[in-house]
Amino acid sequence: MTWRRTIGTVVAVAALVAGCASGGMQSDSMSMEKKSLYDRLGGKPAITAVVDDFIGNVAGDARINKRFATADIPRLKMMLVDQICQASGGPCTYKGASMKDAHKGMKITDAEFNALVEDLVKSLDKFKVGALEKNDLLGALGGMKPDIVNQ
Ligand code: HEM
């Protein structure tokens, strides 16, 4: 029954080739489309690394660092990681204050907000976060601006 085996092998190889040629390509482009921003950023380890570096930039930024003089930095880092994780579609739940409540009475200016975003962009660039991902993340954070500035 070698002919049966031969036919079987031909069918199997053909299926494999077809799978690689169409299925492989398709699943690649599909996963690119369906991947959450969280996954595209590199998940929680990448977000944590960016937030750590970003808070370091803020600490060295004379335009805004006095704002954080009495801040609980380890908590702030944790809150930011959870917030970015959740906002980017990751498996986290942000349990901190609303942006309105967290910044109430601080009278944060536009310039201060922009300085903080600049400090974040420095970290995103340092970690070579892609332009699309950077844009998506900054877009999500930009949406919070009305709750943070001039409160
Ligand atoms: C997109 C921009 C911003 C985001 C996503 C953000 C996010 C946060 C979060 C998650 C917290 C912690 C809330 C909690 O502990 O429950 C917080 C607190 C705080 N934020 Fe912001 N913030 C932003 C902009 C700013 C700016 C521009 C300033 C000042 C220059 C600022 C100053 C503070 C301060 C002082 C605290 C309190 C920290 C503490 O007392 O422990 N934030 N922010």
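Residues numbered from 1 in each chain as written. Predicted model: local features only at pLDDT ≥ 70, side-chain atom pairs only at ≥ 80, totals over all residues. Heavy atoms only, no water.

Enquirer: Would you take a moment to explain the site of the ligand for this structure?
Expert: Around the ligand sit 24 residues, and of these Phe68, Asp72, Arg75, Ala97 and His103 come closest. A distance of 3.0 Å separates an oxygen atom of the ligand from a polar backbone atom of Asp72. Side-chain polar atom of Arg75 to an oxygen atom of the ligand: 2.8 Å apart, as the coordinates give it. The leading source of residues in the shell around the ligand is helix α4 (residues 73–87), at 5 residues. For the shell around the ligand, the class distribution of residues is 17 nonpolar, 3 polar and 4 charged. (Near = heavy atom within 4 Å. Polar contact = N/O pair within 3.5 Å; in protein donor to acceptor, adjacent residues only side chain to side chain. Helix = DSSP H or I, 4+ residues; strand = E, 2+ residues; numbered from the N terminus. Nonpolar A, V, L, I, M, F, W, Y, C, P; charged D, E, K, R; others polar.)

Enquirer: Sorry, what's going on with the coordination of the iron atom of the ligand here?
Expert: In a perfect tetrahedron of four donors around a metal, the angles come out at 109.5 degrees. In a perfect octahedron of six, they are 90 or 180 degrees. Protein coordination of the iron atom of the ligand rests on one atom only, His103 (NE2), at 2.0 Å. By the secondary structure assignment, His103 is in the loop between α5 (99–102) and α6 (110–126). (Donors = N, O, S within 2.8 Å, 3.2 Å for Na, K, Ca; no water.)

Enquirer: What is the right way to read the pattern of salt bridges from this model?
Expert: Two side chains that carry opposite charge are able to pair once their charged atoms sit near each other. Scanning the entire structure with this criterion turns up 13 salt bridges. Arg40 is the partner of Glu133 in a salt bridge, and the nearest nitrogen-oxygen pair spans 3.0 Å. With Glu133 in helix α7 (residues 131–142) and Arg40 in helix α2 (residues 37–41), this residue pair connects regions lying 93 residues apart in the sequence. Using a relative accessible area of 13% as the deciding quantity, one classes Glu133 as buried. Between Arg63 and Glu118 there is a salt bridge whose closest N-O contact spans 3.3 Å. Within this pair, whereas Arg63 is found in the loop between α3 (43–59) and α4, its partner Glu118 is found in helix α6, the two being separated by 55 residues in sequence. One continuous salt-bridge network, built from bridges that share partners, spans Asp61, Arg63, Glu118 and Asp119. (Salt bridge = Lys/Arg side-chain N within 4 Å of Asp/Glu carboxyl O. Buried < 20%, exposed > 50% of the residue type's maximum accessible area, 1.4 Å probe, protein only.)

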